[in-house]
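Survey of secondary and tertiary structure
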Amino acid sequence: MTAPIIAFTDTGPLPAISAVGGKGYSLLRLCREDFPVPPGFVLTTRFFEPWVRQVRATDAWKALVAAPARDMATAAAALPPLAEALALDADQTKLLAEALEALGQWRLFAVRSSSPEEDLAGASFAGGYETILGATRETMERAVRRAFASCLNPRVFVYKRQHGFDTSQARIAVVVQAQVDAEVAGVGFSLDPLTNDYDLAVFNANWGLGETVVSGLATPDQFTVDKVTGKVVETVIGAKQTSYWLLPNGGTTERPDDRHDEATLSPDQLRHMTATLSRIEALYQCPMDIEWAWQGDRFSLLQARPITAWLPLPEEIRTEPGAPRLLFMDATLAIQGIQEPLSVMGQDFLTVFFRRVAHRLLGDTAILDPRHGMVRLAGGRLYSCLSYAFTMASPEGFAGFIANMDSMVSDILRDTDLAPYRRVAKPAFLERLIRRLLTHVPGLPLRNLAAALAPEHAAASYHRKVAAALAAMKAVTPDATGLAAYADRLAGDFLELLLSVLATPLLVGILTKSRLHRLFAARAAADSTVADDLAHIDQALPHNITIDMGLALYDVAAQFREAGLGDAATIRRSLLAGEYQPRAARAVAAWQDFMERFGFRGPRELDLAAPRYRDAPETLCKQVVALAALPEGGETPRTIQQRSIERRQAAHARLGETARSMGTLAHVEYDLLYRLVEHFGGYRENHKYYLVAIISLVREHVRKAGRELARAGRLDREEAVFDLTLADLDRGLADPECDLRALGAANTVFLRRLGHVEEFPHLVDSRGRILRPKARPAKEGELSGQGVSPGTVQGPVKVLHSPDEKPLLPGEVLVARATDPGWTPLFVNAAAIVLEVGGMLQHGSLVAREYGKPCVAGVAEATRVLRDGELVEVDGSWGRIRRLTPPGEPASGSDP
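Taking 1.5 Å as the rise per residue, helix α10 (residues 267-284) with 18 residues should run 26 Å; its terminal C-alpha atoms sit 26 Å apart, in good agreement. All buried positions along α10 are accounted for by Gln269, Leu270, Met273, Thr274, Thr276, Leu277, Ile280, Glu281 and Tyr284. A positive backbone phi angle near 60° is found at glutamine 285, which sits one or two residues after α10.

On to the side chain of aspartate 257, then. Structurally, aspartate 257 is set in the loop between β11 (252-255) and α10. By relative accessible area, which is 12% here, aspartate 257 ends up buried. There is a polar contact of 2.9 Å between the side chain of aspartate 257 and the backbone nitrogen of arginine 259. Residues within four places of aspartate 257 in sequence aside, it is in contact with Trp207, Ser243 and Trp245.

The contact between helix α18 (residues 455-475) and helix α28 (residues 686-711) brings their axes to 11 Å, and the two run at 15°. By the criterion of interaxial angle, the relationship of α18 to α28 is roughly parallel. As α18 packs across α28, the resulting crossing turns out to be right-handed. Touching Tyr462, Val466, Leu470, Met473 and Lys474 of α18 are Asn686, Tyr690, Ile694 and Leu697, all from α28.

What the 8 strands build is an open sheet, ordered β19-β26-β25-β21-β22-β23-β24-β20; its pairing is mixed. Of all the strands in the sheet, just β19 (782-784) and β20 (786-789) have a single pairing partner and so form its edges. Averaged over all adjacent pairs, the angle separating strand axes in this sheet is 30°, with direction ignored. With respect to the sheet, helix α32 (residues 843-851) is in contact with β20, β23 (832-835) and β24 (855-857), its orientation differing from that of β20 by roughly 50°.

Now for the sheet that holds strand β3 (residues 109-114). Strand order in the open sheet formed by 5 strands is β1-β2-β5-β3-β4, and the pairing between neighbours is antiparallel. With partners counted over all chains shown, the strands left at the sheet margins are β1 (5-7) and β4 (131-135), one partner each. Ignoring which end each strand starts from, the neighbouring axes of this sheet average 20° apart. Inspection of the sheet shows strand β2 (residues 40-43) paired to strand β5 (residues 173-178) by 4 bridges, in the antiparallel sense. Looking at β5, one finds that valine 42 is bridged to valine 175. Sitting on the sheet, helix α6 (residues 90-101) is in contact with β1, β2, β3 and β5, with an inclination near 165° to β2. Strand contacts of helix α7 (residues 140-149): β2, β3, β4 and β5, with the helix running at about 25° to β3, the strand carrying the most contacts.

With respect to the element layout, asparagine 153 can be found in the loop between α7 and α8 (154-162). Distance in space between the C-alpha atoms of asparagine 153 and glycine 134 is 22 Å, their sequence separation being 19 residues.

Right, let's talk about the packing of helix α22 (residues 545-562) against helix α24 (residues 585-598) for a bit. At their nearest, the axes of α22 and α24 sit 8 Å apart, and the two run at 160° to each other. Of the possible angle classes, the one that applies to α22 and α24 is roughly antiparallel. Crossing angle aside, the handedness with which α22 passes α24 is left-handed. Here α22 contributes Ile545, Asp548, Met549, Ala552, Leu553, Val556, Gln559 and Phe560 to the contact with α24, which in turn contributes Arg586, Ala587, Ala590, Trp591, Phe594, Arg597 and Phe598. Tallied by class, residues from the contact of α22 with α24 come to 11 nonpolar, 1 polar and 3 charged.

Attention now moves to the pairing of strand β12 (residues 288-295). Burial analysis of β12 places 7 of its 8 residues in the buried class, which makes it a mostly covered element. Bridging between β12 and strand β13 (residues 298-306) involves 8 bridges; their strand directions are antiparallel. Bridging from a neighbouring strand, methionine 288 pairs with proline 306 of β13. Counting the residues that bridge the hairpin from β12 to β13 gives 2 residues, and of these glycine 296 lies at a positive phi of roughly 65°.

On to the packing of aromatic side chains. Two descriptors summarise a pair of aromatic rings, namely the distance from one centre to the other and the angle between the planes of the rings. One pass over the full model with this rule turns up 21 aromatic pairs. Note on phenylalanine 47 and phenylalanine 48: the rings are 5.0 Å apart at their centroids and 75° apart in plane angle, and the pair reads as edge-to-face. Residue phenylalanine 47 is classed as buried on the basis of its relative accessible area of 2%. Residue phenylalanine 48 is classed as buried on the basis of its relative accessible area of 0%.

This part takes up the pattern of salt bridges. Taken as a whole and judged by the stated rule, the model has 50 salt bridges. In this structure, lysine 94 and glutamate 98 form a salt bridge, with 2.7 Å as the shortest nitrogen-oxygen distance. Linking lysine 94 with glutamate 98, this pair stays in helix α6, spanning 4 residues, or about one helical turn. According to the relative accessible area criterion, glutamate 98 is partly exposed, its value standing at 41%. Lysine 806 is the partner of glutamate 805 in a salt bridge, and the nearest nitrogen-oxygen pair spans 4.0 Å.

Along a regular strand, successive side chains alternate from one face of the sheet to the other. Burial runs high along strand β7 (residues 200-207): 8 of the 8 residues are buried. Burial of β7 is two-sided: the residues Leu200, Val202, Asn204 and Asn206 facing one way and the residues Ala201, Phe203, Ala205 and Trp207 facing the other way are all buried. Strand direction decides the pairing type here: strand β6 (residues 184-189) and β7, joined by 6 bridges, are antiparallel. Across the sheet, the residue bridging to valine 187 is asparagine 204, located in β7.

Further remarks concern the side chain of serine 644. The residue serine 644 is located in helix α26 (residues 637-661) in this model. Serine 644 gets classed as buried once you look at its relative accessible area, which sits at 1%. In contact with serine 644, not counting residues within four places along its chain, are Gln539, Ala540, Glu850 and Gly852.

Moving on to the nonpolar core. By size, the foremost hydrophobic cluster in this structure holds 154 residues, and its most contacted members are Leu413 and Phe494. For this core, the element with the highest residue contribution is helix α19 (residues 483-519), accounting for 13 residues. Sequence-distant contacts of leucine 413, that is, excluding residues within four places in its chain, are made with Leu327, Leu386, Phe390, Phe398, Ala399, Ile402, Leu418 and Leu763. Counting 42 residues, the second-largest nonpolar core is a separate cluster that includes Trp51, Leu88, Ile132 and Val144.

What counts as what
Residues numbered from 1 in each chain as written. Predicted model: local features only at pLDDT ≥ 70, side-chain atom pairs only at ≥ 80, totals over all residues. Heavy atoms only, no water. Helix = DSSP H or I, 4+ residues; strand = E, 2+ residues; numbered from the N terminus. Expected span 1.5 Å × (residues − 1). Buried < 20%, exposed > 50% of the residue type's maximum accessible area, 1.4 Å probe, protein only. Polar contact = N/O pair within 3.5 Å; in protein donor to acceptor, adjacent residues only side chain to side chain. Contact = heavy atoms within 4.5 Å. Axes fitted to C-alpha atoms, helices over the stretch in contact; angles between N-to-C directions. Parallel < 35°, antiparallel > 145°, perpendicular 65-115°, else oblique. Left-handed = near helix turned anticlockwise from the far one by under 90°. Pairing = 2+ DSSP bridges. Nonpolar A, V, L, I, M, F, W, Y, C, P; charged D, E, K, R; others polar. Phe/Tyr/Trp six-rings, centres within 6.5 Å; stacked < 30°, edge-to-face > 60°. Salt bridge = Lys/Arg side-chain N within 4 Å of Asp/Glu carboxyl O. Core = buried A, V, L, I, M, F, W, Y, C linked by side-chain atoms within 4.5 Å.

Right, dumping it as C-alpha cells:
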C-alpha cells in the first residue's frame, strides 16, 4: 500500500500515478535522475481518503453522479464550497508536520494539485487544477485544502467527461515543494508547438515568478533554440506588462518591471536549458513541456509533463537530427480524402498491392523501401516523398500538377522556401521507373490509339473484359496457402486488369480533356463564355460510376414516394427490417439492386477495416428518407442530371462553332476530342470502384476469420482482426497457441499514439515540421479557396466530420474537411459544398460539378471557422464564401 506521504528523496520503487498523480510522479522520477528539482514531497491520494469519504457522503455528490452530461457543470458547482468545511484530522496533521520538518530551513512553499489523470500523454487538464505560491508552514493546511478542492472544480468534471475519464470518482494528490524565489521563470517546450518541429526548443520567460507566463497575464519573451547546434535562432522580446514576485513572509505581489526591452535570458542560460530539456525528452521518449526558474545562477526544474498536442511521425519517415530533411505529402489526405489513420490490415493490404505495382513497373520494391522509398505506407498513412519527386521535376511544376488534386498543397509549395528539401540525389529507382514505364507496360500506347480510332468498339470491349475479369476474381477463394497469398493474388489480378483494360479509357479521357483545354486556351482567356463552356464540357457523361450510385439511391426513394410510402417509419421498416407492403416491392427491389452494385462501398472504403454500406445500411437509409422528402416538383438528382446533360450539349454546340471559326483543322480536331471525352471521360473513377470491389472480397474472408476467432475467445471482438496483418492472421489460424491479442496490441502502439490527432497535415517534413499555407488576403466576412465547381448559392451551413454525423437537409451548405465516394449521397441535398482539402480532380469537386453544385476547395480551417446554421453565400466560380450572418449566429429559421 502506498504511503500517505512520499518525499522527493525517497529511493524506493516509484509509486503508481494513481497514487501520486501525474505531476507528483514526474517530479519523483526527475529526482531519481538527478535533475535540479527543489526539495519537496507528495501528499498521496491515500492521504486524502478521509476527505474524499466526507465529500462522497454528501447529497451534492450524489446529485452529481446522477446528473446527465448536459447538467454536469451545474451539479458540480455545488461541490467546491464543501471543501471549506474540511479539516485535517490528527493523523494527517502529524504526517504533514513531519514532512515539513524534514525540509529543514525552507520557509516558503509552492503547493500544487496533482491529479492521477493530469499531465499524462493524452490529457493535460490545462488550467483545471490549482497552484498556490508562497505558502508558509502556518498557511499550509489552507493551501492544501485549496489544492484538494480543485478536484471538485466543475471545469475538471466537464473535461473528464469530454475525454472519457471516470466522473464518479474524486481522486487527488498534492505536491508540496520548496518555493524558488525566482528572478526569471517561465515554460519550455521540447518542440516548436506552432510548427511541430522536433529540432527546435521554445522558451517563454518573464521577470519574477512564472505565474504570469503560465496564466497568460503578460506577453513573455520568446526564444527559439536549435537543439542540434545549440544556436538561438529567434528572439522575440515581449512586452512583459507585469510580473509576480515572492514576498519574504509568504504570498506574492504583482508589480511591473522596468526592463521591458531587455532579454530575460542569456544565450548561455538558453543553451543550459535546452540541454536539460533534451535530457528530459530522452528520458520520457516523447516531447516535453517544462516549468523552470532561475535564482541567480541556479537553475531549477519545477514541473515536466508530456506535450499532448503534437503530431507523432512514424519511424519510417523520420530522419536523424541534423541530417538533410525530406518533405512528405500525405497522399491519403491529398488524393483520397481519408482523414483517419488506416487500420493495420488496411495498410497491409495496400502495401501488398503497391508491392505488386512496384514489381510490375520496376522489377523490385525499392520505391517502397520503408526508410528510403518514394512511397511509404506507415503509421496508417500513405506518404509520398516530394524531395525525391523534386529530383525529377521542379517544385513549381509539381505544384501545378498537384493543384488539380489538392490546391492547398499547391499553395504551400509555391509559398515555401523548398531549398532545405532539395539536398538529396535522384534515387536509382526513379531512373528505372521511367525506362520501364516506356518499355514494360505492354501495349498501353497502342490500346490508347486503338480506343481513339474506334471508341464504340473500345467501350464495348472494356465492359466485356472487366466483367470477365471480375467474375474470375470472385471465383477465387482462399486455400491452404492462406489469406495473405489470396490477397496477393487478387492484388496481382487487379493490377493486370488495371494496366490492360481500366487504364485505357482513364488515360484517353484525361489526355483528351487536357488537349481540349489547350485547343481553346487563347479563346477562353479572352471570352468568359468559352471558359464556361469548357467547364461544362465533361459534365453528366455516361459511365460515371460514382454519379450512377447517387442516382440509383435516389431511384429507391422515388419508388417509395411514387407508391405513397415516403414516410420515414415505413422506409426504415421496409429496408432495415425487411417488413414491407406489396406496394413497396419495387422500391425494395431497387434497394437490393443498389446493394448488389454498390453495397461494398462506403466511407473510407480503401481501408479494409471500414464498414461497407451493406454492413451498416442505417446511414444510407437516412439518405433515402431525406430524398423521399424532397418537395414535389422540385429539383431531384434525375432532373439535375438531365439539366447537366443539356448544358453539356449546349456547350458542345457553342464550342463546335468556336472551333469552326478557328479553321477546318481545329474543327476536325475538336469533333474527335469531344467524341473521345464523351465516350471515355466518365470512366475516371471506375478504377477505384473496382479496386474497392477487390478490397471488399478480401474483407469478407477476413471478417469471417475474425468471427471465428472471437467465438473461440482468441480475440475480444470480431473487428479486432483488423489490428493484425494478413501474415499475422494466417499464423494465428494455423497455430492455436499464437497470442493474437498480443500481436494486435503490438501492431497498434503507434496508432494509439495518434488518438489525439484531430487533423493530419497536408505536408510534413522528416523532423516533424508541418508546412502550412500563408494567410491569403480576404475581405472582412469572407473565406477564400479554389473555385472548383461554378455557380453561386446561399444557404445555411452544416458542418460534418463524417457522412453519418447528422442529417444534411435540402438547401444546406455542406462543409467538410474532405470527402470520398462514401459521401456521394449527401451531395444530392447540398446547396453547395465547402472543403478544406481538394482540387479540381478530387472526389468532392468531381461530384459537385456533376450535380451542378457550387464548390470551393482548399478553404483553410473551414470546419472550425464556420458554424451550423450560419448563412453563407458560396461562389464556386471565384472561390469565395461570404458570411451573411455574424459568426456563430444561425440563419433565420435554421436549426441551432
